[in-house]
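Per-entry structural report
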Amino acid sequence: MTSTPAQRILHPALGDPADGPSGGREGTPLAEARLSDQQKAAVVLEGAALLAHLERAGWALDGGWQGARIGDDGGLRVIGARPGRPEPLPQESLRSLVGELFGSDRIAGRGQARRALRGLVEGWRQSLAPVAPSRAIESILEAAPFLWEDGFGGARAALAVEIRWRDRGELWVAGPGAFRRRLLARGRDRDSLAGLLSGPGARRLWSPRQDPLELAAAGRWREALEQCTGSGGDATGADERFALARWLYVRGRFEDALEALGRTRSTEALVLRGWCQLYLGRPPALAKTLARLAAAKLPAAQTLAAAELGERAAANTGDREAVERWLAAARRSATKDPGLEARARLLEALAAWDLERPEAMAEPLAASREIASDPERGWRWHQAQALLAEAQGDGQAMAEPLRRALGGFRRRLTRFEAGGLWNDLGVARARCGDLAGAEHAFLHTHRLLDRCQGPRRTTLALYNVAEIRLRRGRLHGVLDILERTTEENRLAGNLRGRVQDVELWARFEMVQGRFAAADSHLRRMLAELDRVGSDWRRAELELLRCRALGLDGRVDEAAAAYERTDPSTWAELEPEERVALLAHSGQREEALAAARGSSWDLPWQAALAARTVGLGEWRTVEELGPFRAARLVLDLELAAPATVPRRLRRQAAGVYRELGAADLAGLLEGRDSGPWQVLREFFDRSQSEPATDQDLGELLAAAGYGDVLLRYVPEDPSASERVLSAGVGGGVEVWRRARGGELVLDARAVDPVLEALLSLAAREYRPPRRDLRRSGRGGILGESPELLAALDRLERLATGDMPVLIHGDSGTGKELAARRVHQVSPRSGGAFVALNCAA
């Protein structure tokens with residue numbers, strides 16, 4: 001989208017140009033139009049073209065596809081468009097258009113068009129990274145080649161547009177840049193461009209060379225190979241198939257490469273087949289391919305090639321024994337052919353990383369250094385160096401070899417290789433705290449992998465975008481990606497991917513305040529790692545579990561999880577979170593030391609050392625940004641209630657409320673104006689009935705102190721203690737005298753509000769009457785519920801307010817009981833006057 005919107009867009013979908021941008025209203029509504037599946041696919045192409053034109057002009061659809069129609073010429077018509085930024089992402093708009101045409105964007109049924117659209121919609125079913133409309137056009141024409149047929153010339157003509165700017169007019173064509181340049185070199189106006197697009201030569205303009213896949217499907221393998229490589233040669237059919245498959249593999253078209261291989265049986269073809277199956281996430285087929293390679297007697301170079309594939313596949317499934325077996329095969333190949341030594345040692349370094357033994361990486365990396373200058377594999381050596389730095393927790397050291405790999409081998413990297421390196425660079429930036437830079441790298445990873453077949457564009461690229469969005473407090477689109485990547489990794493049997501899915505689930509739950517749910521995810525995955533004997537990212541799981549337990553107030557469990565963490569994993573948390581991790585796991589002194597010298601040193605001293613901090617010193621909290629500031633406020637409040645200034649608590653509560661974390665927002669708000677509202681409600685209730693155990697527990701929780709432990713300890717040693725608020729406590733105890741015993745408060749810290757609530761509880765709490773009878777207080781009262789209730793009501797009167805006690809018949813046991821109540825009640829005053837109710 002341009003900075004200054006265009007003045008006018010001349011395009012059939014927007015109606016007659018003479019009518020302006022109001023759009024045409026003739027034709028049939030989308031839901032009522034009688035269209036074949038292929039015609040509906042053509043409408044989707046027109047919709048993508050329109051979105052591309054509007055993006056170019058700085059405009060947006062007015063009302064989406066509502067009211068869209070099919071014109072008399074079979075073309076798409078919309079109600080109108082307006083200058084401005086579109087609200088939904090392009091892929092969301094296209095999914096909505098498919099839903100209008102088919103009744104749902106979940107397309108079922110057979111046929112080439114439905115199969116093509118089903119695959120396209122699945123790729124558009126994410127809301128994290130925008131799919132450029134021009135890229136969507138490319139995907140549509142790749143998935144639905146029937147749209148190049150003569151009957152769909154009108155849909156292709158919609159790719160051309162004329163845009164009127166303030167000082168000039170512009171002809172423009174939606175689609176890839178090379179395609180646009182070829183058309184603009186031939187067309188002088190919009191009509192001539194539309195004629196070129198709708199004519200029989202349009203496909204030649206799209207791709208000057210004939211599609212190798214179509215040639216291969218027709219059995220013209222030599223011509224297909226010539227289109228791929230520029231020379232046909234005298235190769236046999238199997239060799240041509242392999243060359244074509246290799247060409248497709250390098251371009252990330254793994255599914256097409258498998259189709260091109262057919263039943264080719266050579267070892268090279270088997271290894272290539274295995275890599276395609278790996279990237280497509282097909283573990284059963286890959287297992288069969290690996291079994292055939294393991295059983296074959298192969299030359300040294302082919303053994304090493306098979307070992308590189310086998311090691312990667314075994315590492316993904318967490319099969320440590322299989323990793324060792326393939327590594328042994330690689331060493332044997334190097335023994336037979338010394339020229340393979342460096343390559344085998346590089347595989348040894350990568351296997352050490354896969355086996356969570358980073359200390360074993362340095363020596364084989366040094367021994368394989370000669371590969372660093374190899375034009376084909378040198379990038380992999382630099383990537384291994386970056387992985388070693390990642391294992392050591394050094395984000396800066398991780399980034400440098402990745403820059404060398406991307407810069408020095410750019411022209412030799414395939415799309416998916418470059419995507420993997422950009423992904424690692426994003427990880428390095430995140431380790432350095434550059435979350436915006438990390439998100440940029442991950443979005444570029446997605447742009448590269450989006451052109452490749454297989455689930456990695458979701459399980460790798462979008463997964464990492466989702467993680468960064470969570471770390472920045474942005475939830476939109478995250479749940480959808482989480483569900484998709486979890487399913488993809490489950491189907492692929494990818495243990496490493498599933499571990500990282502669980503990490504993301506835990507982060508997602510913690511952002512919304514569901515700390516126990518986060519712990520549940522992490523515990524289950526740790527148990528599975530125990531079952532399969534793997535340590536893959538175990539320390540990272542323990543780190544996140546320590547964080548979740550600490551936020552949940554389970555200090556002892558958090559401390560135990562902390563002992564199982566590794567300092568090298570601390571970069572998984574933001575710097576201010578590392579202090580909170582220590583504080584919430586009982587390491588208060590260590591937390592103060594970790595905060596020393598940081599921007600949030602004084603706030604943590606206020607929370608952990610009861611130091612008075614001026615309001616100006618809290619600005620550093622706000623400088624973290626809305627979500628990180630809200631999270632730090634929450635951590636400080638959990639460590640010491642009412643530490644943070646009221647204004648920051650209110651801001652943090654607003655952030656959490658927008659994220660859907662109503663409980664966390666309520667907790668922070670409850671420590672602001674909440675206590676007064678809660679007190680008013682409590683006093684209203686206590687006017688009519690005495691405060692019970694449950695009332696006091698609810699009072700503390702509603703005021704934002706649900707984490708404190710409050711007990712009633714009766715004077716009578718034979719009576720049992722009562723728990724009034726079942727919080728976790730925190731080691732700071734305060735006692736208050738209460739009726740028939742004492743109240744004992746256990747909290748992390750006691751602020752003036754909490755002290756006032758405790759004093760109120762001591763005054764208003766009434767233990768069950770049976771406890772008072774044990775102490776001898778009301779020994780003559782007997783078991784009458786009426787008398788006990790009467791005493792409770794009388795005792796709520798102010799001192800001196802009970803000079804007269806009304807009873808039944810004079811001279812009976814009722815009068816004696818009434819006299820006794822008058823004597824023992826602290827509220828009574830004056831002389832006892834007996835009145836006969838009957839009189």
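Presented here is an overview of the structure given in this document. (Residues numbered from 1 in each chain as written. Predicted model: local features only at pLDDT ≥ 70, side-chain atom pairs only at ≥ 80, totals over all residues. Heavy atoms only, no water.)

Positionally, Asn 316 belongs in helix α15 (residues 300-317). On the basis of relative accessible area, Asn 316 is assigned to the buried category, the value being 16%. With sequence-adjacent residues up to four places away left out, Asn 316 is seen in contact with Leu 278, Gly 493, Asn 494, Leu 495 and Arg 496. (Helix = DSSP H or I, 4+ residues; strand = E, 2+ residues; numbered from the N terminus. Buried < 20%, exposed > 50% of the residue type's maximum accessible area, 1.4 Å probe, protein only. Contact = heavy atoms within 4.5 Å.)

This structure, assessed with the given rule, holds 15 aromatic pairs. Geometrically, the ring pair formed by Tyr 279 and Phe 416 is tilted, given 5.1 Å between the ring centres and 55° between the ring planes. One end of the pair, Tyr 279, is in helix α13 (residues 267-280); the other, Phe 416, is in helix α21 (residues 415-431), and 137 residues separate them in sequence. Just as Tyr 279 is buried, Phe 416 falls in that class too. Measuring from centroid to centroid gives 5.4 Å for Trp 353 and Trp 536, while their planes differ by 80°, and the two rings are edge-to-face. Remark: Trp 536 occurs in the loop between α26 (515-532) and α27 (538-551) and Trp 353 occurs in helix α17 (residues 341-354); sequence separation between them is 183 residues. Across this residue pair, the class does not change: Trp 353 and Trp 536 are buried. Pairwise contacts between aromatic rings join Tyr 249, Phe 254, Trp 275, Tyr 279 and Phe 416 into one cluster. Looking at Arg 496, its charged tip hangs above the ring of Trp 536, at a distance of 4.8 Å from the centre. (Phe/Tyr/Trp six-rings, centres within 6.5 Å; stacked < 30°, edge-to-face > 60°. Lys NZ or Arg CZ within 6 Å of the ring centre and 35° of its normal.)

On to helix α3 (residues 112-124). Helix length check: α3, at 13 residues, gives a terminal C-alpha distance of 19 Å against a target of 18 Å (1.5 Å per residue), a fit within 8%. Ala 113, Ala 116, Leu 117, Leu 120, Val 121, Gly 123 and Trp 124 are the residues of α3 that are buried. On an axial view of α3, the arc spanned by its buried residues comes to 155°, and they lie on one face. The inward-facing, buried residues of α3 contact α1 (37-57), α2 (90-102), α4 (133-143) and α23 (456-471). (Expected span 1.5 Å × (residues − 1). Arc of directions from axis to C-beta.)

On to the pairing of strand β7 (residues 160-164), then. As judged from the three bridges shared by strand β1 (residues 8-10) and β7, these two strands associate in the antiparallel manner. By the bridge assignment for β7, Ile 9 is matched with Ile 163. In terms of strand pairing, β7 meets strand β8 (residues 169-173) through five bridges, oriented antiparallel. Bridged to Ala 160 within β8 is Val 173. Between β7 and β8, which pair antiparallel and follow one another directly, the connecting turn spans four residues. (Pairing = 2+ DSSP bridges.)

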